[in-house]
Amino acid sequence: MTVQPDWIDFNGHLNMAYYNVLFDRGADDLFAEFGITPDYPAKRGFSTFSAEFHVCYLRELKEGDPVYVTSQLLDMDEKRFHFFQELHHEDGWLSATGEGLGLHIDMSGPKVAPMPADVAQKMRAILKQHSGLPRPDRAGRRIGIPRR
């Protein structure tokens, strides 16, 4: 992906909202591996909603910077999934991290609902693959002002 000119804020770097756009596009790639694609709501009557998403901004991006997102599934149950993402500059340095909790949604409610068996099976297989990866250092961070 490339940082677009209209995503630049008055400080001359990528506006915070567009970090989420880039993470969301990376999540689309991960979710497609589960069988959750843009046509999932129309075909299956289900979707996913974000319950929570935390971004840590580590190094600024500028207009035209080429970037990519990596994603790691950390945990799941029948209705939820916890994932971690890293936004990298094409040169390899880390710009930001994102950590999310997704919900599987029955769109007839909408309400949180168990995943279909085939989706859950694909997600469990990826979770098994990803469980061999080191847990990201920034996973589980809290927001706050540390006090001594």
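Residues numbered from 1 in each chain as written. Predicted model: local features only at pLDDT ≥ 70, side-chain atom pairs only at ≥ 80, totals over all residues. Heavy atoms only, no water.

Engineer: Now, about the pairing of strand β4 (residues 94-106): what can you tell me, with residues and values included?
Structural biologist: Most of β4 sits out of view: 11 of its 13 residues are buried. Pairing geometry for strand β1 (residues 46-57) and β4, over 11 bridges, is antiparallel. When the sheet's bridge partners are listed, F49 is paired in β4 with L103. Two elements, strand β3 (residues 80-89) and β4, share nine bridges in a ladder whose sense is antiparallel. Note on β4: the bridge partner recorded for F83 is G100. Turn length for the β3-β4 hairpin, with the two strands adjacent in sequence and antiparallel, is four residues, and the turn residue G92 shows positive phi of about 105 degrees. (Buried < 20%, exposed > 50% of the residue type's maximum accessible area, 1.4 Å probe, protein only. Helix = DSSP H or I, 4+ residues; strand = E, 2+ residues; numbered from the N terminus. Pairing = 2+ DSSP bridges.)

Engineer: An account of helix α1 (residues 16-34) is requested, with residue identities and associated values reported.
Structural biologist: Across its 19 residues, α1 extends 28 Å between first and last C-alpha, which sits within 8% of the 27 Å expected from 1.5 Å per residue. If you follow the buried residues of α1, they end up packed against β1, β2 (67-76), β3, β4 and α3 (117-130). One or two residues past the end of α1 sits G35, with phi positive at roughly 95 degrees. (Expected span 1.5 Å × (residues − 1). Contact = heavy atoms within 4.5 Å.)

Engineer: Residue-level account of a negative patch on the surface, with values.
Structural biologist: Taken together, the side chains of D24, D28, D29 and E33 present a region of like negative charge at the surface. As for its position among the elements, E33 is in helix α1. A relative accessible area of 49% means that E33 is categorised as partly exposed. (Patch = residues over 30% accessible without salt bridge, like charges linked within 9 Å, V, L, I, M, F, W, Y side chains within 5 Å. Areas by Shrake-Rupley, 256 points an atom, 1.4 Å probe, with all protein chains shown as cover. Salt bridge = Lys/Arg side-chain N within 4 Å of Asp/Glu carboxyl O. Lys, Arg positive; Asp, Glu negative; His and termini not counted. Charge placed at Lys NZ, Arg CZ, Asp CG, Glu CD.)

Engineer: Run through the packing of α1 against α3, naming residues and quoting values.
Structural biologist: Their axes nearest at 7 Å, the elements α1 and α3 cross at an angle of 115 degrees. In this structure, α1 uses L30, E33 and F34 to contact α3, whose residues at the interface are V119, K122, M123, I126 and H130. A breakdown of the residues in the contact of α1 with α3 according to their chemical character gives five nonpolar, one polar and two charged. (Axes fitted to C-alpha atoms, helices over the stretch in contact; angles between N-to-C directions. Nonpolar A, V, L, I, M, F, W, Y, C, P; charged D, E, K, R; others polar.)

Engineer: Mind laying out the side chain of Q72, listing which residues take part and the relevant values?
Structural biologist: As for its placement among the helices and strands, Q72 is situated in strand β2. Owing to a relative accessible area of 11%, Q72 belongs among the buried residues under this scheme. Within the structure, the side chain of Q72 is placed 3.4 Å from the backbone oxygen of P134, a separation counted as a polar contact. Every residue in contact with Q72, bar those within four places of it in the chain, is listed here: H82, F83, F84, H130, L133, P134 and P136. (Polar contact = N/O pair within 3.5 Å; in protein donor to acceptor, adjacent residues only side chain to side chain.)

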